[in-house]
Amino acid sequence: MAEPSASCFCCFCVEEANVAFKEVWGKYDGEIQEPGCHCMNPISTHINGPLSTRVRESAIRVETKTKDNVFVTMVVTLQYRVLKGSEDKAYYELSHPESQLQSYVFNNVRAEIPKFMLDELFISKDEIARTLKTDLSAEMAQFGYEIVQALITDLEPDHGVKKSMNEINAATRMRMAASDKAEAEKILIVKAAEADAESKRLSGVGLAEMRKAVISGLHDSIQLFTGDSNSGIGQQEVMDLLLMNQFFDTMKEMSGNSRNNTLFIPHTPDAVADLGGQVRNCFDNTANKKQR
């Protein structure tokens, strides 16, 4: 056994955060030596110790299997110390407390982990740690040790399983991204179609209003020219004149707008009269059909 940090014949000292044990003729007399300076009979008395009362930490790696047959390596970190008032038990009843703790951790963890699936295991770490602390506290208290805290500081599946989990997660996220991208493209297409439909509707409304204005203007022009009985101008001549005017306006607009496609039409003055005749024939045929 180790001796106290300082001794001189009939006196000895115990350092702070340590205790020592006095034996008389080889038997522990039940008196715990607290930190400080103490006297003893050097002939019959022997001092054992010291025993640290500080909180100690031990990291234990445990390999076990989950409910879905996946091997995982778990690191359990235990923080423990000597129980106040039970220092003699801690000193005399356990020779290697860390080995004893390791055995209890192996037994407890390998009994608890197979109850969980791998995904559940990551969620239930705190629950497992609490169970481990409760069980270890009950077991180690009889040997004079207190479990201050039990922590699961690492949980690592087999490398192949981890790689597969990452690939599954990546594939899921890629599928979600593809779905979101397709949905965004769908919205763009639908909105473009709605905009095109609205544009065409408004274009139709504008075209109808334009034609209405043109017809109204033609009507007023004909009335203006034919209203005077002394002018000698008939409706036929007015119609030809207006068609000629519309023809030249169209040619001017086409030449001034580079976006229009090229359109080849008869552009001599005689062709205008022919076009007017075709329009009149169309109106006459429509009137005849209505009379029938």
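So, a few notes on the structure that sits alongside this text. (Residues numbered from 1 in each chain as written. Predicted model: local features only at pLDDT ≥ 70, side-chain atom pairs only at ≥ 80, totals over all residues. Heavy atoms only, no water.)

Attention shifts here to the packing of aromatic side chains. A complete count under the given rule lists 4 aromatic pairs for this structure. Geometrically, the ring pair formed by Tyr91 and Tyr92 is edge-to-face, given 5.1 Å between the ring centres and 85° between the ring planes. Take Tyr91: its relative accessible area is 13%, and that puts it in the buried class. Put simply, the rings of Phe21, Tyr91 and Tyr92 touch in pairs and so form one group of aromatic residues. Here the basic side chain of Arg110 rests over the ring of Phe106, its NZ or CZ set 4.8 Å away from the ring centre. (Phe/Tyr/Trp six-rings, centres within 6.5 Å; stacked < 30°, edge-to-face > 60°. Buried < 20%, exposed > 50% of the residue type's maximum accessible area, 1.4 Å probe, protein only. Lys NZ or Arg CZ within 6 Å of the ring centre and 35° of its normal.)

So, about the pairing of strand β2 (residues 11-14). Where burial is concerned, the two faces of β2 differ: the one with Phe12 and Val14 is buried and the one with Cys11 and Cys13 is not. The sheet contact formed by β2 and strand β5 (residues 36-39) spans 4 bridges and is antiparallel. Directly across from Val14, in β5, lies its bridge partner Gly36. (Helix = DSSP H or I, 4+ residues; strand = E, 2+ residues; numbered from the N terminus. Pairing = 2+ DSSP bridges.)

This next bit is on the sheet that holds strand β3 (residues 18-24). Taken in spatial order, the 3 strands line up as β4-β3-β6 in an open sheet, and their pairing is antiparallel. What marks the edges here is a single partner per strand, and that holds for β4 (27-33) and β6 (45-52). On average, each strand axis in the sheet is inclined to that of its neighbour by 25°, with strand direction left out of account. Pairing geometry for β3 and β6, over 6 bridges, is antiparallel. Of the residues in β6, the one forming a bridge with Glu23 is His46. (Axes fitted to C-alpha atoms, helices over the stretch in contact; angles between N-to-C directions.)

Counted according to the given criterion, the structure contains 6 salt bridges. Measuring nitrogen to oxygen at the nearest pair gives 3.4 Å for the salt bridge that ties Lys22 to Glu31. For Lys22, a relative accessible area of 15% puts it in the buried group. Note that Arg201 is salt-bridged to Glu198, the shortest N-O span being 2.7 Å. With Arg201 and Glu198 both in helix α5 (residues 159-226), this residue pair falls 3 residues apart, about one helical turn. For Glu198, a relative accessible area of 35% translates into the label partly exposed. (Salt bridge = Lys/Arg side-chain N within 4 Å of Asp/Glu carboxyl O.)

Tracing the chain through its elements places Ala17 in the loop between β2 and β3. Residue Ala17 is classed as buried on the basis of its relative accessible area, which comes to 18%. Through-space distance from the C-alpha of Ala17 to that of Ser52 is 6.0 Å; in sequence the pair is 35 residues apart.

Now for the sheet that holds strand β7 (residues 56-65). The 3 strands lie next to each other as β7-β8-β9, forming an open sheet whose pairing is antiparallel. Each of the sheet's edge strands pairs with one partner strand only, and the pair in question is β7 and β9 (145-157). Looking at each pair of strands side by side, their axes are set apart by 20° on average, direction ignored. Its contacts with the sheet put helix α2 (residues 97-112) on β7, β8 (71-82) and β9, and the angle it makes with β7 is roughly 35°. Against the sheet, helix α4 (residues 125-141) makes contact with β8 and β9, and its axis sits at roughly 145° relative to β9, the strand it touches most. (Contact = heavy atoms within 4.5 Å.)

Phi angles above zero are rare outside glycine, and Ala17 is one such case at about 65°. With phi around 60°, Asn69 is a residue other than glycine that occupies positive phi space. Summarising the element assignment, Asn69 is placed in the loop between β7 and β8.

Relative orientation of the contacting elements α2 and α4 amounts to 140°, with a least axis distance of 10 Å. By the angle class used here, α2 and α4 are oblique. The element α2 and its partner α4 pack so that their crossing is right-handed. Mapping the contact onto sequence places Gln100, Leu101, Tyr104, Val105, Asn108, Val109 and Glu112 in α2 and Thr131, Leu132, Asp135, Leu136, Glu139 and Met140 in α4. The residue inventory of the contact of α2 with α4, partitioned by class, reads 7 nonpolar, 3 polar and 3 charged. (Parallel < 35°, antiparallel > 145°, perpendicular 65-115°, else oblique. Left-handed = near helix turned anticlockwise from the far one by under 90°. Nonpolar A, V, L, I, M, F, W, Y, C, P; charged D, E, K, R; others polar.)

In this section: the side chain of Glu87. Structurally, the position occupied by Glu87 is in helix α1 (residues 87-92). A distance of 3.0 Å separates a polar side-chain atom of Glu87 from the backbone nitrogen of Gly85. (Polar contact = N/O pair within 3.5 Å; in protein donor to acceptor, adjacent residues only side chain to side chain.)

With that settled, the discussion passes to the side chain of Thr64. Mapped onto the secondary structure, Thr64 falls in strand β7. Beyond its immediate sequence surroundings of up to four residues, Thr64 is in contact with Val70, Phe71, Val72, Val109, Arg110, Ile113 and Pro114.

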